[in-house]
Amino acid sequence: MIELDLRNDVYRRPLATALDRLGLREGWRCADVGAGGGDVTVALARIVGRDGRVYAIDSDPARRDEVAAAAAEAAQAQVVAITQAGEELTLPEPVDLAFCRFLLLHVHDPALVLRRMGQAARLGGWVVAQEPITSAGRVDGDALSMPSARHPDVGAVLPALVRQAGLDLIDAWAEAPAWAGPSPVSDYLEALTDVDPGDAPVILPPLVTVVARRPAGGS
């Protein structure tokens, strides 16, 4: 199993499972779409090594500096930060893997972003998307909500969106971290919602992971 340097990331296990499923290794070209501060970008860069390359794409120009700083601190020179919306994704070269997580719930057109990601991958290349079903999360039995998200439950239809984007669906599953009392799970919930759950039982939103490929003879 691939080991990811994401110790405080409660969703790291489904990501590691997905990357292990497709055999990510040294020398790969990857795109982290909606990279944010670059945590996953740098984790990918450590795996693909000096002969690989990771494009960190985010629509927020401030994120470019954050990614650059994170990559410099980790001495990952092959990271290239790009300011670009997912709907406008265009890369200077085809990539072996186009990846996104917690992105499609915020964009205007999730299907278009997935189509762009598929086009960014080489023929036969991989697309991995991870998105939540927010309303399936629970705190002390009460359902979670995310009013700021355009598509808070996009994970529930993610496999269908991937197929609509013209990609071959290879694998899909959902996983939800759960705990009761102080833990990284409750810390994550508090960071997400500004609500301290205390000792209440928490089930974070199930994260749906989809592993797909661009058809080898695709357009």
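Every chain is numbered on its own, with residues counted from 1 as its sequence reads. The model is predicted, so local features are restricted to residues of pLDDT at least 70 and side-chain atom pairs to those at 80 or more, both for listing and for counting; the totals for chains, interfaces and linings are taken over all residues. Think of the side-chain values as coming from all heavy atoms in the structure, minus any hydrogens and water.

Trainee: What exactly am I supposed to notice about the overall build of the protein chain here?
Mentor: From N to C terminus, the protein chain includes six helices and 11 strands. The atom set for the radius of gyration is the C-alpha atoms, and the globule formula is 2.2 Å times the number of residues raised to the power 0.38. For 219 residues, the compact-globule estimate of 2.2 N^0.38 gives 17 Å, and the C-alpha radius of gyration of the protein chain, at 17 Å, lies within 12% of that figure. The C-alpha extent of the protein chain, read off along each of the three principal axes, is 50 × 40 × 35 Å. The contact definition used throughout considers only heavy atoms, calling two residues in contact when any of these lie within 4.5 Å. Within the protein chain, counting contacts between residues at least 6 apart in sequence, those at least 24 apart form 73% of the total. Note on areas: Shrake-Rupley, 1.4 Å probe, and residue coverage restricted to the protein chains presented here. Approximately 10,200 Å² of the protein chain is accessible, and the part contributed by carbon and sulfur atoms is 48%. Secondary structure is summarised from DSSP: a helix means a run of H or I of at least four residues, a strand means a run of E of at least two, and numbering begins at the N terminus for each.

Trainee: What am I meant to see in the sheet that holds strand β2 (residues 53–58) here?
Mentor: With mixed pairing, the seven strands of this open sheet are ordered in space as β3-β2-β1-β4-β5-β11-β8. Of all strands in the sheet, those bounded by a partner on one side alone are β3 (79–83) and β8 (168–175). Each neighbouring strand pair of the sheet contributes to a mean axis angle of 15°, computed without reference to strand direction. An axis is simply a line fitted to the C-alpha atoms; with a helix, the fit covers only the stretch in contact. Between two such axes, the angle follows the N-to-C directions and lies from 0 to 180 degrees. Along the sheet, helix α2 (residues 39–48) contacts β1 (29–33), β2, β3 and β4 (95–101); its crossing angle with β2, the most-contacted strand, is approximately 170°. Sheet contacts for helix α4 (residues 110–120): β1, β4 and β5 (121–132); angle to β5, the most-contacted strand, approximately 145°. Think of it this way: DSSP has to see at least two bridges between two strands before they count as a pair.

Trainee: Would you mind showing me how to read the side chain of E175 here?
Mentor: Positionally, E175 belongs in strand β8. For E175, a relative accessible area of 19% translates into the label buried. Engagement of the side chain of E175 in a polar contact is seen with the side chain of R13, the distance being 2.6 Å. Those residues in contact with E175 that lie beyond four places of it in its chain are Y11, R13, P14, P205, P206 and L207. Residue burial is assigned from relative accessible area. The probe radius is 1.4 Å, only protein chains are included, and a residue is buried under 20% of its type maximum, exposed over 50%, and partly exposed in between. What qualifies as a polar contact is a pair of N or O atoms within 3.5 Å, subject to a donor-acceptor requirement within protein and to the restriction that residues adjacent in sequence count only when both atoms come from side chains.

Trainee: Sorry, what's going on with empty space enclosed by the protein here?
Mentor: Rolled over the atoms, a probe as big as a water molecule pinpoints where empty space is left. Cavities and pockets are found on a 1 Å grid laid over the protein atoms alone: a cavity is a set of points where a 1.4 Å probe fits but cannot escape, a pocket is an open set with protein on both sides within 12 Å along at least five of seven lines, and a lining residue has an atom within 4 Å of such a point. Grid points are joined across faces, edges and corners, and a volume is the space filled by probe spheres set on the points. If you walk through the whole model with that rule in mind, you get one cavity of 30 Å³ or more. Its boundaries defined by the atoms lining it, the largest cavity holds a volume of some 30 Å³. Lining the largest cavity, in full, are A56, D58, D60, R63, R64, V67, A81, I82 and T83. Put simply, the parts of the chain that give the lining of the largest cavity at least two residues each are β2, α3 (61–73) and β3.

Trainee: How should the sheet that holds strand β6 (residues 138–139) be read in this particular structure?
Mentor: Backbone hydrogen bonds hold the strands of a sheet together, and the pairing may be parallel or antiparallel. Read from one edge to the other, the open sheet built from four strands follows the order β7-β6-β10-β9, with strand pairing classed as antiparallel. A strand with exactly one partner marks an edge of an open sheet, and here the two such strands are β7 (142–143) and β9 (178–180). Pairing of β9 with strand β10 (residues 201–203) involves three bridges; the strand directions are antiparallel. Bridge pairing in β10 places A178 opposite I203.

Trainee: What's the story with the nonpolar core in this structure? I'm lost.
Mentor: For soluble globular proteins, nonpolar side chains are generally found buried alongside one another. Core analysis: the largest hydrophobic core is formed by 34 residues, its most contacted members being V33, I57, L91, L104, L114, M117 and L158. Contributions of two or more residues to this core are made by β1, β2, β4, α4, β5, α5 (158–164) and β11 (207–213). Looking at which element gives the most residues to this core, the answer is α4, with five residues. Residues contacting V33, with those up to four places away along its chain left out, are I57, G86, L89, F99, C100, R101, L103 and M117. We call a set of buried Ala, Val, Leu, Ile, Met, Phe, Trp, Tyr and Cys residues a nonpolar core when their side-chain atoms join them within 4.5 Å. By size, the runner-up hydrophobic cluster in this structure holds 24 residues, among which are A18, L44, L97 and W126.

Trainee: Looking at this structure, how should I read the packing of aromatic side chains?
Mentor: When we look at a pair of aromatic rings, we describe it by the centre distance and by the angle of the planes. Any two of the Phe, Tyr and Trp rings considered here, Trp counted by its six-membered ring, make a pair once their centres fall within 6.5 Å; the pair's planes then place it as stacked at under 30 degrees, edge-to-face at over 60, or tilted in between. As enumerated under the stated definition, the model contains two aromatic pairs in all. Consider the rings of Y11 and Y188, whose centres lie 5.6 Å apart with planes at 80°: the pair is edge-to-face. Taken together, the residues span a long stretch of sequence, with Y11 in the segment before α1 (12–22) and Y188 in helix α6 (residues 184–193) at a distance of 177 residues. In this structure Y11 comes out as buried when scored by relative accessible area, which is 1%. Assessed through its relative accessible area of 23%, Y188 is described here as partly exposed. Any Lys NZ or Arg CZ found within 6 Å of a ring centre and within 35 degrees of that ring's normal is scored as a charge over the ring. One Lys or Arg, R213, reaches over the ring of W126 and ends 4.0 Å from the middle of that ring.

The values are spatial; any link to function lies outside them.
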